[in-house]
Amino acid sequence: MERTLIVFCHPALEKSRTNRALIEGVADLDGVTVSDLYERYPDFLIDVKREQDQLVEHERIVWQFPLFWYSTPSLMKEWMDVVFQYGWAYGRGGNALAGKRVKAVVTTGADAGSYTAEGFNGHTVRDLLLPLERSARMCGMEFAEPLVFYDALKLDGGGLARAVADYRKWLKEGD
């Protein structure tokens, strides 16, 4: 299995059933490293070198987060802003991430029907992740189809178990 770095970002993990179950359900897999941004950087002071070193050490990157206001939680954006530096991640001489695969693993509070052109949100989750996809591609990374867990607030025990099983399966087998 490829070495996988899960960059996990949830500002209120103590209140989350689904993201907590997902991250706890995959943390024991061989080759998987979990980096919990809010645990590591509660002050938002990101150790850029440490984060860059971790990215280099892994072939596959997962960005796991709940969808907040049609985007990532703020610390994930800050992380990208400071870690993906010109000359390192993109631009002249910036090829440290080239060829790596990246996937977003996202939870939503609404059902799948809400994330369609005709639905309440007017866009698919994939549409809303376009900034992440474009950022990944600018860095020479391959952006895989996201893994989305809809209606996360309503998942019961069986639903959570299926979600964890799906996540584990993807991590073991890839796309």
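Conventions used here
Residues numbered from 1 in each chain as written. Predicted model: local features only at pLDDT ≥ 70, side-chain atom pairs only at ≥ 80, totals over all residues. Heavy atoms only, no water. Helix = DSSP H or I, 4+ residues; strand = E, 2+ residues; numbered from the N terminus. Rg over C-alpha atoms; globule rule 2.2 N^0.38 Å. Buried < 20%, exposed > 50% of the residue type's maximum accessible area, 1.4 Å probe, protein only. Areas by Shrake-Rupley, 256 points an atom, 1.4 Å probe, with all protein chains shown as cover. Lys, Arg positive; Asp, Glu negative; His and termini not counted. Charge placed at Lys NZ, Arg CZ, Asp CG, Glu CD. Axes fitted to C-alpha atoms, helices over the stretch in contact; angles between N-to-C directions. Parallel < 35°, antiparallel > 145°, perpendicular 65-115°, else oblique. Contact = heavy atoms within 4.5 Å. Nonpolar A, V, L, I, M, F, W, Y, C, P; charged D, E, K, R; others polar. Salt bridge = Lys/Arg side-chain N within 4 Å of Asp/Glu carboxyl O. pLDDT = per-residue confidence, 0-100. Patch = residues over 30% accessible without salt bridge, like charges linked within 9 Å, V, L, I, M, F, W, Y side chains within 5 Å. Arc of directions from axis to C-beta. Expected span 1.5 Å × (residues − 1). Polar contact = N/O pair within 3.5 Å; in protein donor to acceptor, adjacent residues only side chain to side chain.

Chemist: For the overall build of the protein, give the residues involved together with the corresponding values.
Modeler: Check the secondary structure of the protein and you find 7 helices and 6 strands. Helices and strands in the protein line up, N terminus first, as β-α-β-α-α-β-α-β-α-α-β-β-α. The C-alpha atoms of the protein give 16 Å as radius of gyration, which agrees with the globular expectation for 175 residues (16 Å, within 12%). With respect to the principal axes defined by its C-alpha atoms, the protein has extents near 45 × 35 × 35 Å. Taking all 175 residues of the protein together, the buried fraction comes to 49%. Summed over its atoms, the accessible surface of the protein is roughly 8,700 Å², and 52% of this surface lies on carbon and sulfur atoms. On the protein, the mean spot of the 21 positive side-chain charges and the mean spot of the 26 negative ones are 2 Å from each other.

Chemist: Talk me through the packing of helix H3 (residues 48–57) against helix H4 (residues 74–83); I want residue IDs and the actual numbers.
Modeler: It is at 10 Å that the axes of H3 and H4 come closest, and there the two elements cross at 90°. Relative to H4, the element H3 is oriented roughly perpendicular. In this structure, H3 contributes Val48, Glu51, Gln52 and Leu55 to the contact, and H4 contributes Trp79, Val82 and Val83. For the contact of H3 with H4, a count of residues per class yields 5 nonpolar, 1 polar and 1 charged.

Chemist: Help me get a handle on the pattern of salt bridges, residues and values and all.
Modeler: Under the defined criterion, the tally for this structure stands at 10 salt bridges. One salt bridge in this structure joins Arg40 and Glu51, with 2.8 Å as the shortest N-O distance. Within this pair, whereas Arg40 is found in helix H2 (residues 37–40), its partner Glu51 is found in helix H3, the two being separated by 11 residues in sequence. The class for Glu51 is buried, based on a relative accessible area of 0%. For the salt bridge of Asp53 with Lys49, the shortest nitrogen-to-oxygen distance reads 2.8 Å. Of this pair, Asp53 and Lys49 both sit in helix H3, 4 residues apart, roughly one helical turn. By relative accessible area, which is 32% here, Asp53 ends up partly exposed.

Chemist: Quick rundown of the confidence of the model for the protein? Include the residues and the values.
Modeler: Summarising the model, the protein shows a mean pLDDT of 95, and 99% of its residues fall at 70 or more. Mean pLDDT across the elements of the protein ranges from a minimum in helix H7 (residues 157–173), with 92, to a maximum in H3, with 98.

Chemist: How would you sum up a nonpolar patch on the surface? Please name residues and give values.
Modeler: On the surface, Phe68, Trp69, Tyr70 and Phe120 cluster together into a nonpolar patch covering about 580 Å² of accessible area. Phe68 gets classed as partly exposed once you look at its relative accessible area, which sits at 33%.

Chemist: Give me the lowdown on helix H6 (residues 130–138), citing residues and values where you can.
Modeler: By the burial criterion, the buried members of H6 are Leu132, Glu133 and Ala136. Viewed along the axis of H6, the buried residues span an arc of 100°, placing them on a single side of the element. In H6, the exposed positions angled more than 90 degrees off the buried face are occupied by Pro131 and Met138. As for H6, its buried residues are in contact with strand S3 (60–66), H4, strand S4 (101–107), helix H5 (125–128) and strand S5 (142–143). Just downstream of H6, Gly140 is the residue with a positive phi angle, here 80°.

Chemist: Let's hear about H7: which residues, and what values?
Modeler: Taking 1.5 Å per residue, 17 residues should reach 24 Å; H7 reaches 24 Å between its end C-alpha atoms and fits that length. Looking at H7, one finds that the buried residues are Gly159, Leu160, Ala163, Val164, Tyr167, Trp170 and Leu171. Buried residues along H7 cover an arc of 135° about the axis, so they all sit on one side. Summarising the geometry of H7, the exposed residues directed more than 90 degrees from the buried face are Gly157, Arg162 and Glu173. Looking at the buried side of H7, the elements it contacts are strand S1 (4–8), helix H1 (18–26), S3, S4 and strand S6 (147–149). The backbone nitrogen of Gly158 lies 3.2 Å from a side-chain oxygen of the residue at the head of H7, namely Asp156. The positive-phi residue at the C-terminal boundary of H7 is Gly174, with phi of around 80°.

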